[in-house]
Amino acid sequence: MFDSPLLIVGGGAAGMAAALSARKRFSELAPGTDVGNLVTLLERESVPGGVLKQCIHRGFGLTRFSSNLTGIEYMHRFTGPFKRSGVRFLPDTTALEVCPDRTLLAVGPKTGRCRISFEHLILASGCYERPFQSLTAAGTRPAGIYTAGEAQYLINCCHAEIGERAVILGSGDMGQILARRMVLKGKGVVALIEQESVCGGLSKNRRDCLDKYQIPVILSSTIVCVHGEGRITGVTVRNIITGEERLIFCDTLVSAVGLIPEKRILPECWQDGDLPDWISLCGNCHHVHKIVDSVTLQAEEAGGLAAEKIASCHFSEMT
């Protein structure tokens, strides 16, 4: 077991921003002191960056940097300073559970199963996708069904061919951006299906993705059955107002039906529905943000406040 006064879980946009902000605030409060070991960032992947690594589209940094960046470019605005910061970084390490005695159980190939003690924890673990399997659609669950994040990772990072004719369920920003990406890859997007009477997401994405590339949208509808053995061959779509059903042939189904803040390592820490004051949430695990700029701004505030709290105990000159 080792200790870290400030422990941050998650190396995406929020985690890096929180770590850099905390490191800066520690240096301001105790100039001349080596504060590198006061902050530890734990990340389950081998490099920091989180989901930004697979976001090759623009629209990032408009408020934070007054620039229209890709997700990868936005990520580099933080990974460079983070690598030079001296913050202790634990890659390839998965957080398993936060315990009420202010320790975190983690596991990784280099650390093995270990326990880290801390004074303050910032959870910056983002969110996870609601899988299609959680819905009540009948039929089989053959190959060719992906969440939007999985599909984006396979296309942009692995350069994989996930299918030729896709149906996308959910018209939020992720669904719209992925639909455009598939069209640009030369694939057919047969329909984007939305249960509400209007499309979700930002109006900018509706204009730049759906309208520009003339992607068919079916509103007030949902998928009630999946067809196919071995590989998906089609879906039955029902209008939730009229009850009318139709069969749409496809070889790929992508679900973009929502994100859930990732807080599953905290089951023992809730007290009457609240978390103790030694745990902070920031970024998408606090709530799902519309843009990453607000993720980093919230994380920077969380990092600075945590550093001030810890410094008031560690440095006697603090008032």
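Residues numbered from 1 in each chain as written. Predicted model: local features only at pLDDT ≥ 70, side-chain atom pairs only at ≥ 80, totals over all residues. Heavy atoms only, no water.

Digging into the pairing of strand β13 (residues 188–193)
Relative to β13, strand β12 (residues 165–169) runs parallel, the two sharing 5 bridges. In the strand pairing of β13, L169 is matched with I193. Handedness of the crossover joining β12 and β13 through helix α4 (residues 173–184) is recorded here as right-handed. Pairing between β13 and strand β14 (residues 217–218): 2 bridges, direction parallel. Looking at β14, one finds that I193 is bridged to I218. Following the chain from β13 across helix α5 (residues 203–211) to the adjacent parallel β14, one finds a crossover that is right-handed. (Pairing = 2+ DSSP bridges. Helix = DSSP H or I, 4+ residues; strand = E, 2+ residues; numbered from the N terminus. Right-handed = clockwise from strand over helix to strand, strands pointing away.)

Quick notes on empty space enclosed by the protein
If you walk through the whole model with that rule in mind, you get 1 cavity of 30 Å³ or more. By volume, the largest cavity amounts to about 40 Å³. Lining the largest cavity we find I155, A160, E161, I162, G163, M182, K185 and K187. Per-class residue counts for the lining of the largest cavity are 4 nonpolar, 1 polar and 3 charged. (1 Å grid on protein atoms, 1.4 Å probe; cavity = no way out; pocket = protein on both sides within 12 Å on 5 of 7 lines; lining within 4 Å. Points joined across faces, edges and corners; volume = space filled by probe spheres on them. Nonpolar A, V, L, I, M, F, W, Y, C, P; charged D, E, K, R; others polar.)

Looking at the sheet that holds strand β16 (residues 234–239)
In spatial order, the strands read β10-β15-β16-β17; together these 4 strands make up an open sheet with mixed pairing. Both outer strands of the open sheet, β10 (138–139) and β17 (245–249), are each paired with one neighbouring strand and no more. Both β16 and β17 contribute to a ladder of 5 bridges, which runs antiparallel. Counted as the bridge partner of R238 is E245 from β17.

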